[in-house]
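# Observations on the model geometry
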Amino acid sequence: MSMSDSPLTHFDASGQAHMVDVGAKAQTHRIAIAQGRISMQPATFELVRHGSPKKGDVLGVARLAGIMGAKRTADLIPLCHPIALTRVTVEFELLEAEQAVLCRASAETVGPTGVEMEALTAVNCALLTIYDMCKAADRGMVISDLRLLEKHGGKSGSFVSP
């Protein structure tokens, strides 16, 4: 298979990395939803659940970090296009039985390219912020299961993770 036949669109025919040309693509409504989780010790989970005098609202700060991360994705991922996001949401679910926090983020735009990377970056930034704010209590936290759940819009249509 030559590079021009490759499904990896960020490489040209000679195998050099490049930013994909989206200039001729249709402006369509696009949405992506991603999720990930952070597991922690029970005492750390309680700090996150109830807040603490030293750190305050961990999930509130993490939500803002996720939104900010989505807006800065093109600065972090070398071949991502800067995108005018029309909406970003970051939500958390406390999984008490697993001593974990599940983060789900969505990103939306109307434009020529998708927002999967923005949703994934939002989740990563939110979970990293939880780690940063709680590391003094628990350096053994584990961030895992980052994945794209859904994407809609564009030429390739919809993807929904099984």
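Just above, that's the structure.
Let me begin by describing the structure that accompanies this report. Note that the structure is predicted; figures quoted are calculated from it, not measured.

## Things to note about the sheet that holds strand β4 (residues 142–152)
- As summarised here, the arrangement of the five strands in space is β2-β3-β1-β4-β5, forming an open sheet in which the pairing is antiparallel. Of all strands in the sheet, those with a lone pairing partner are β2 (85–95) and β5 (159–160), marking the two edges.
- Relative to strand β3 (residues 100–111), strand β1 (residues 28–39) is paired through twelve bridges, and the arrangement is antiparallel. Of the residues in β3, the one forming a bridge with Ala32 is Ala107.
- Along the sheet, helix α2 (residues 58–71) makes contact with β2 and β3, crossing β2 at roughly 145°.
- Docked against the sheet, helix α4 (residues 116–134) engages β1, β2, β3 and β4, running at close to 25° with respect to β1.

## Points about the packing of α2 against α4
- At a minimum axis separation of 7 Å, α2 and α4 run at an interaxial angle of 145°. For the pair α2 and α4, the sense of crossing is right-handed. From α2, Val58, Leu59, Val61, Ala62, Ala65, Gly66, Gly69 and Ala70 reach across to α4, where they touch Glu118, Thr121, Ala122, Cys125, Ala126, Thr129, Ile130, Met133 and Cys134.
- In the contact of α2 with α4, the residues fall into twelve nonpolar, four polar and one charged.

## Let's talk about α2
- Between the first and last C-alpha of α2 there are 20 Å, a value that for 14 residues agrees with the 20 Å anticipated at 1.5 Å per step.
- Here α2 has its buried residues at Val58, Leu59, Gly60, Ala62, Ala65, Gly66, Gly69 and Ala70.
- Each element contacted by the buried residues of α2 is listed here: α1 (42–50), α3 (73–76), β2, β3 and α4.

## What about the layout of surface pockets?
- A volume near 570 Å³ is recorded for the largest pocket.
- Contributing to the lining of the largest pocket are 20 residues, with Thr9, Lys25, Thr113, Gly114 and Glu116 lying nearest its centre.
- Here the lining of the largest pocket gets three residues from one element, more than from any other, and that element is α4.
- Counted by class, the lining of the largest pocket contains seven nonpolar, six polar and seven charged residues.

Calculation criteria
Residues numbered from 1 in each chain as written. Predicted model: local features only at pLDDT ≥ 70, side-chain atom pairs only at ≥ 80, totals over all residues. Heavy atoms only, no water. Pairing = 2+ DSSP bridges. Helix = DSSP H or I, 4+ residues; strand = E, 2+ residues; numbered from the N terminus. Contact = heavy atoms within 4.5 Å. Axes fitted to C-alpha atoms, helices over the stretch in contact; angles between N-to-C directions. Left-handed = near helix turned anticlockwise from the far one by under 90°. Nonpolar A, V, L, I, M, F, W, Y, C, P; charged D, E, K, R; others polar. Expected span 1.5 Å × (residues − 1). Buried < 20%, exposed > 50% of the residue type's maximum accessible area, 1.4 Å probe, protein only. 1 Å grid on protein atoms, 1.4 Å probe; cavity = no way out; pocket = protein on both sides within 12 Å on 5 of 7 lines; lining within 4 Å. Points joined across faces, edges and corners; volume = space filled by probe spheres on them.

Geometric descriptors of this kind do not, in isolation, establish any biological role.
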